[in-house]
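One-letter residues, chain by chain:
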Amino acid sequence: MGRQLPTPTPTATPPISNNLQEECIRVNKVYDWVVLANSYRNKIALPDDCQALVDAAIRAGQDITLSCVEPVSPGPTCRVVSIRRENITVNGTTVRVGVVRFVFGATVLVRVFADGTPLCEFTTTVQFDQEVVLCLPEPLDEDNILCRISAFECSPTGTVLLGGMVQLDVIVCVEIQVEAEVKLEVLAKFCSPRPNSIPIPSPTPSFRCPPITFPPQCPPIFPVRNCDCQASVNALVPNVSISIGIPLAVAVGTIQLIADICPSCDPSSSSFTFNFFDALLPDVLGDQSFSFSPTTISSPTCITVLPILPIVTGLVVTGTGVRTFTATGAQETLTYSLTLAETGLGLPDVIILTLTDSSGVLVFSATITVVPDEQLLVADCITFGDIVITTP
């Protein structure tokens, strides 16, 4: 009938590491960063129709007041109009700098009141310029300069001046950066996304001239902390004794575990499935075959010691899951602890699984110490904490 082939022996896939390594990244380097606040005064002529109303109100003895609403669309603008190169001395060192002239502008709405009653309103453009010394090494130019007006305030200085002019005081807060794209070699690792589970907070009230601060990182949320160890299992072990039921009784059968714990050292990607195939020897409890699938898997705890059993390295994960009996289809939610351990080179490895019900009663226990070495692999993950930083 042809040559019979033996059933292939399962082999665990080596874990995919996500260790720190040299990476080349493309980023914008900041060559200079300046924050400045300044005030400017503009004289603005009243439009003819508005001036006629104002003149009539003044002749009638009414009190003229002004307000300035800033800014209206479009918002404040900031642009580079010229660059000249100069050599200056800073702390005894000659430095080649760029002297950059900026023009700031905004469209504002001016309202005129007579004895507190609106009389007329009009929009006008206020504009002013300023020179700023920047680190702008050649060949960097205006395309490398980012200018942002972070706050803008406009206020009239008094009533109408001779010739139908009004005077506006403008205060601006400006942030200027010089940037250029560079390639950097850094020591890094890939990170993984987090679930979209954080509620949106209320907006922070606005304020003028905010201090330059960087948002704090959120370590409990992101980035997710790397595992310190990882494991890959593809094990099929026949004729093992386990304890099952309440009270615990001995059953014999085959266990199967397929697990990928912390692939790429990412705890959010762990998975495993466990199956017990009852050999019905001795057949005291009936068919106790079942499958167990976890619903939660903790980040692993790395271990180097197990009671009685000599191991090289290992890990423990815990959580909850669902056990489904093959014969009846009955399901129950249980708490588990899964231990995977590597022994010496070439020696059988270890799988320990315990299941506990909601009352804390142990309902399943299996300690398998004869797992073929090639079917279970545990590896270390290199994390930032493993790096020893030395200074010259």
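Refer to the preceding data block for the structure.
Bear in mind the structure is a predicted one, so any value in this text is a computation, not a measurement.

Calculation notes
- All residue numbers here refer to positions counted from 1 along the written sequence of the relevant chain.
- Two thresholds apply to this predicted model, a pLDDT of at least 70 for residue-level local features and 80 or more for giving and counting side-chain atom pairs, whereas whole-chain, interface and lining totals are computed over all residues.
- Note: side-chain values were computed over all heavy atoms of the structure, leaving out hydrogens and water.
- By definition, disulfides here are pairs of cysteine sulfur atoms that lie within 2.5 Å.
- Under the scheme used here, helices are H or I runs from DSSP no shorter than 4 residues and strands are E runs no shorter than 2 residues, and both carry numbers assigned from the N terminus.
- Under the convention used throughout, the expected extent of a helix is 1.5 Å for every residue step, that is, one less than its residue count.
- Any two residues having at least one pair of non-hydrogen atoms within 4.5 Å are treated as being in contact.
- Only protein chains enter the area calculation, which uses a 1.4 Å probe; residues under 20% of their type maximum are buried, those over 50% are exposed, and those in between are partly exposed.
- Between N or O atoms, a polar contact is any pair within 3.5 Å; within protein, one atom must be a potential hydrogen donor and the other a potential acceptor, and residues adjacent in sequence are included only when both atoms are from side chains.
- Being paired, for any two strands, means DSSP has found at least two bridges between them.
- Within this scheme, the nonpolar core is defined by two criteria: the residues are buried Ala, Val, Leu, Ile, Met, Phe, Trp, Tyr or Cys, and they are joined through side-chain atoms within 4.5 Å.
- Fitted lines through C-alpha atoms serve as axes, helices being fitted only where they are in contact, and the angles separating the N-to-C directions of these axes extend from 0 to 180 degrees.
- By convention in these notes, a salt bridge is any Lys or Arg side-chain nitrogen within 4 Å of a carboxyl oxygen on Asp or Glu.

Considering all chains together, one arrives at six disulfides under this definition. Here Cys68 engages in a disulfide with Cys154; their sulfurs sit 1.9 Å apart. With the S-S bond torsion at 95 degrees, the cross-link from Cys68 to Cys154 turns out right-handed. On the criterion of sequence distance, the pair formed by Cys68 in strand E2 (residues 64-69) and Cys154 in strand E6 (residues 145-156) is long-range, its members being 86 residues apart. Between the sulfur of Cys229 and that of Cys302 lies a disulfide, 2.2 Å long from S to S.

Every α-helical turn comprises 3.6 residues, leaving residues that sit three or four positions apart pointing alike. For helix H1 (residues 48-59), which comprises twelve residues, the first-to-last C-alpha distance of 17 Å matches the rise-based estimate of 16 Å (1.5 Å per residue) to within 8%. On its buried face, H1 sits against E2, strand E4 (93-114) and strand E5 (117-134). Once H1 ends, the next one or two residues include Gly61, with phi positive near 80 degrees.

Following Glu138, the chain continues into Pro139 via a peptide bond in cis, with omega recorded as 15 degrees. As for its position among the elements, Pro139 is in the loop between E5 and E6. Cis geometry is adopted by the peptide bond preceding Pro247, which originates at Ile246 and carries an omega value of -5 degrees. Residue position: Pro247 is located in the loop between strand E8 (229-244) and strand E9 (249-261).

Note that Asn144 resides in the loop between E5 and E6. Residue contacts for Asn144: discarding those within four places in its chain leaves Gln177, Val178, Glu179 and Ala180.

Our next topic: the side chain of Ser232. With respect to the helices, strands and loops of the structure, Ser232 is situated in strand E8. Classification of Ser232 as buried rests on a relative accessible area of 6%. There is a polar contact of 2.5 Å between the side chain of Ser232 and the backbone oxygen of Thr13. Ignoring sequence-local partners within four residues, the contact set of Ser232 consists of Ala12, Thr13, Pro15, Ala259, Gln375, Leu376 and Leu377.

Our next topic: the pairing of E5. Two faces make up the sheet, and in a regular strand the side chains alternate between them. Bridge count for E4 against E5 is 17 bridges, and the pairing is antiparallel. Directly across from Val110, in E5, lies its bridge partner Phe122. In textbook terms, the turn of a hairpin is the stretch between consecutive antiparallel strands, and for E4 and E5 this stretch comprises two residues, one of which, Asp115, has a positive phi near 50 degrees.

Moving on, we get to the nonpolar core. Phe102, Val112, Val126, Leu134 and Phe152 are the most contacted members of the largest nonpolar core, which totals 41 residues. Where this core is concerned, the elements lending two or more residues are strand E1 (21-45), H1, E2, E4, E5, E6 and strand E7 (165-188). Apart from the residues within four sequence positions on either side, Val112 is in contact with Leu46, Cys50, Val54, Ile64, Thr65, Leu66, Thr117, Pro118, Leu119, Cys120 and Phe122. Val237, Ala259, Phe292 and Leu315 belong to the second largest nonpolar core, which has 35 residues in total.

Hydrogen bonding along the main chain pairs the strands of a sheet, whether they run parallel or antiparallel. Across the sheet, three strands lie side by side as E1-E7-E6; this open sheet has antiparallel pairing. Where the open sheet ends on each side, the last strands, each with one partner, are E1 and E6. Ignoring which end each strand starts from, the neighbouring axes of this sheet average 15 degrees apart. Pairing of E6 with E7, which is carried by eleven bridges, proceeds in the antiparallel orientation. Looking at the pairing, Arg148 lines up with Glu175 of E7.

What follows deals with the pattern of salt bridges. This structure, assessed with the given rule, holds eleven salt bridges. Measuring nitrogen to oxygen at the nearest pair gives 3.8 Å for the salt bridge that ties Glu181 to Arg26. Note that Glu181 is positioned in strand E7 and Arg26 in strand E1, a separation of 155 residues in sequence. Residue Glu181 is classed as partly exposed on the basis of its relative accessible area of 47%. Two residues, Arg84 and Glu131, come together in a salt bridge whose shortest N-O distance is 2.7 Å. Highlighted residues: Arg84 in strand E3 (residues 77-90) and Glu131 in strand E5, separated in sequence by 47 residues. Residue Arg84 is classed as partly exposed on the basis of its relative accessible area of 38%. Look at Glu131 and you get partly exposed, because its relative accessible area is 35%. Sharing partners across several salt bridges, the network here consists of Arg84, Glu86, Arg101, Asp129 and Glu131.

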